[in-house]
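# Residue-level structure breakdown
One letter stands for each residue in the lines below.
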Amino acid sequence: MSERKFTEDHEWILVEGDTGTVGISDYAQEQLGDVVFVELPAEGSSIDKGAQAATVESVKAASEIYAPVSGEVIAANGDLADDPAKVNSDPLGDGWFFKIKIADPGQLDALMDEASYKSYVEGLH
Amino acid sequence: MTSQDAELRRTPLYDLHRELGGRMVPFAGYEMPVQYPSGILKEHAQTRERAGLFDVSHMGQLRLRGARAAAALENLVPVDVVDLPVGQQRYALFTNEVGGILDDFMATNAGDHLFVVVNAACKAADTAHLRAHLGAGCELEELTGRALLALQGPAAAAVMARLAPAATGLVFMTGAAVEIDGTPCFVTRSGYTGEDGFEISAPAERAEALARRLLAEDAVAPVGLGARDSLRLEAGLCLYGHDIDTQTTPVEAGLTWALSKARRAEGARPGGYPGAETILRQLAEGVRRRRVGLRPAGRVPVRDGAPLLDESGRAVGRVTSGGFGPSVGGPVAMGYVETALAKPGTRLVATVRDKPQEIEVVRLPFVAPNYHRG
């Protein structure tokens, strides 16, 4: 069963077994505005939870994307090179950033489930 | 609401911006819309393809009156104001003692006064500067009760033809008093986008009705400050505080076209403004660095502040404006480089997040202008 969890920095990770797909939430893409470039981590690289994993450039500014959990990057979304707008149009689907082999599944416990994240976002305003 | 928010000012169109879904951000002490729900890319395209309506009421509008007004203004700018024909608008620069730029602005001879529009971030300083130097026989009025709207794009003329036919007689960089939808306005055919368009000064209490009337036209949509920046960058236009500031002279900035012949060494009224010695010397001898257009080779935007290196890694300049150019379809930038490397085609390296990005010097503008010259 796959489950989507969220961070306070508005990243999501969709967990399937010991791998996760990572992207940013609908709230995040809306806040960023039109995305024009995405810099993704290299396949095979190791990243630590909370470390900078990717960069999203909107028209106005660059924003850092942080790894929700530690692990090894096993895939990066090559489609975003030609069509960064996917991050805006389908942030939870085709706008995914990278896939990661999760080193410590226990780190997922600290993340918010969808309902908690929804409340968290509502509380931001 | 934070204490910072409490200090932000609002233009007469604030309520309209909120109603239109504008995302409000602080800018030059005002709450301004950076974009509307359509987003910056669509708003930018709207302006290049149809017409965009911008609220620029945060900018400073001033009237200089009196027999000595033009002569007094000439004491502060390297521009011909004394012989500015009635109805003509001119781009001008306040300079400082070392030839640096205090602000860039537009001045129009409105017949019985000079109509001046200055940058929002500089309006308090510019007003103080003028008051300190204008002297007798010249009065300065701050038009705090007026709004300023910009209608820009290829469809702007057709819209004005319907609402204010008199305005369509204007050519680029001219202005006149024109009634629009029953409201007495002062209109200039100019802007900050590279497109044909009009800037409309209207009484604040009529601004919302005027904006609604313009937005009721199919071809017109609201455009925020985000797209205003990408439009002017593609047009190669300077943003004060970034591409020009107190440390850049008009010669270094590539604005020699704005330095009127009458105020040059061989002109009728040479010098006579702050920094004239430096500027006239630079006109004669050249400068060590120059503003240039820059085109990154890849897709990574290269932004304000990025260092520029030559291919050997030596620091040779700095980016002063940069971002994504929607009409160009890729990143664009402007910056200063050593004069020897300012030739279009020169390959340089920009540092972005500690990584080298190839970048090339290119001619400005990135997008050809569509001014209506008649």
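Residues numbered from 1 in each chain as written. Chains lettered and ligands numbered in written order. Predicted model: local features only at pLDDT ≥ 70, side-chain atom pairs only at ≥ 80, totals over all residues.

Next up on the list: the overall build of chain B. Along chain B, the regular secondary structure elements total 9 helices and 19 strands. A globule of 374 residues ought to have a C-alpha radius of gyration of about 21 Å, and chain B, at 21 Å, matches this closely. With the C-alpha coordinates of chain B rotated into their principal frame, the extents come out at 65 × 50 × 50 Å. Expressed as a percentage of its 374 residues, the buried residues of chain B come to 49%. (Helix = DSSP H or I, 4+ residues; strand = E, 2+ residues; numbered from the N terminus. Rg over C-alpha atoms; globule rule 2.2 N^0.38 Å. Buried ≥ 20, exposed ≤ 12 C-beta atoms within 10 Å, placed from the backbone.)

As a further point, take helix 3 (residues 40-49) of chain B. Of all 10 residues that make up helix 3 of chain B, 7 are buried, and the element is covered over most of its length. Where the residues of helix 3 of chain B are buried, they touch strand 2 (30-35), strand 3 (51-55), strand 9 (146-152), strand 13 (220-222) and helix 8 (225-234) of chain B. (Contact = placed C-beta atoms within 7 Å.)

What follows deals with the sheet that holds strand 15 (residues 307-309) of chain B. Paired through their backbone hydrogen bonds, the strands of a sheet run either parallel or antiparallel. Residues and elements named next belong to chain B. Within the closed barrel, the 6 strands sit side by side as 14-17-16-15-18-19. Their pairing is antiparallel. In this sheet, adjacent strand axes meet at a mean angle of 40° when their direction is disregarded. Taken together, the 3 bridges between strand 15 and strand 16 (residues 315-325) define a ladder with antiparallel strand orientation. Counted as the bridge partner of Pro307 is Arg318 from strand 16. Packing against the sheet, helix 8 makes contact with strand 16 and strand 17 (330-338), and its axis sits at approximately 125° to strand 16. (Pairing = 2+ DSSP bridges. Axes fitted to C-alpha atoms, helices over the stretch in contact; angles between N-to-C directions.)

What follows is about the domain arrangement of chain B. All names here are of chain B. When the domains of chain B are assigned, the result is domain 1 (3-59 + 145-234) and domain 2 (288-364). Inter-centroid distance (C-alpha atoms) of domain 1 to domain 2 is 31 Å. If you look at the interface, domain 1 gives 8 residues, while domain 2 gives 9 residues. The set of elements that each furnish at least two residues to the side of domain 1 that touches domain 2 consists of helix 3 and helix 8. The residue makeup of the side of domain 1 that touches domain 2, split by class, is 3 nonpolar, 2 polar and 3 charged. (Domains from an automatic or database assignment. Nonpolar A, V, L, I, M, F, W, Y, C, P; charged D, E, K, R; others polar.)

Often the size quoted for an interface is simply the accessible area lost on bringing the parts together. Each partner contributes residues to the interface: chain A has 8 residues there, and chain B has 12 residues. Elements supplying a minimum of two residues to the side of chain A that touches chain B: strand 4 (35-39) and strand 6 (52-58) of chain A. Of the residues belonging to the side of chain A that touches chain B, the class tally is 3 nonpolar, 2 polar and 3 charged.

Residue and element names in this part refer to chain A. Read from one edge to the other, the open sheet built from 3 strands follows the order 4-6-7, with strand pairing classed as antiparallel. Where the open sheet ends on each side, the last strands, each with one partner, are strand 4 and strand 7 (62-66). Each strand axis lies, on average, 25° off the axis of its neighbour in the sheet, ignoring direction. Alignment of strand 4 against strand 6, held across 4 bridges, turns out to be antiparallel. From the neighbouring strand, Phe37 faces strand 6, where its bridge partner is Glu57.

A word on the packing of helix 3 of chain B against helix 8 of chain B. Each pair of packed helices can be described by the angle between their axes along with the distance between the axes. All names here are of chain B. Look at helix 3 against helix 8: their axes get within 8 Å of each other, and the N-to-C directions meet at 55°. Taken together, the axis directions place helix 3 and helix 8 in an arrangement best described as oblique. Between helix 3 and helix 8 the crossing geometry is right-handed. Residues Ile40, Glu43, His44 and Thr47 of helix 3 lie in contact with helix 8, whose contacting residues are Gly226, Ala227, Ser230 and Leu231. (Parallel < 35°, antiparallel > 145°, perpendicular 65-115°, else oblique. Left-handed = near helix turned anticlockwise from the far one by under 90°.)

In this section: the environment of B:Val86. Take B:Val86: it is sitting in the loop between helix 4 (69-74) and strand 5 (89-95). Put simply, B:Val86 and B:Asp112 are 26 residues apart on the chain and 9.0 Å apart in space, counted from C-alpha to C-alpha.

With 7 of 9 residues buried, strand 17 of chain B lies mostly within the body of the structure. Linking strand 16 of chain B back to strand 17 of chain B in an antiparallel pair, the connection comprises 4 residues, with B:Gly329 at a positive phi of about 85°.

Moving on, we get to the nonpolar core. All names here are of chain B. Among the nonpolar cores identified, the biggest contains 126 residues, and Leu149 and Leu151 are the most heavily contacted of them. Structurally, this core is a two-domain feature, drawing no fewer than three residues from each of domain 1 (3-59 + 145-234) and domain 2 (288-364). With near-sequence residues (within four places) excluded, Leu151 lies in contact with Ala51, Leu53, Ala156, Val159, Gly197, Phe198, Ile200, Leu214 and Val220. (Core = buried A, V, L, I, M, F, W, Y, C linked by C-beta atoms within 7 Å.)

Right, let's talk about the pairing of strand 19 (residues 355-362) of chain B for a bit. All names here are of chain B. Two elements, strand 14 (residues 289-296) and strand 19, share 4 bridges in a ladder whose sense is antiparallel. Note on strand 19: the bridge partner recorded for Gly293 is Val362. Pairing analysis gives 6 bridges linking strand 18 (residues 347-352) to strand 19, with the strands arranged antiparallel. Bridge pairing links Thr351 to Pro356 in strand 19. Linking strand 18 back to strand 19 in an antiparallel pair, the connection comprises 2 residues, with Arg353 at a positive phi of about 50°.

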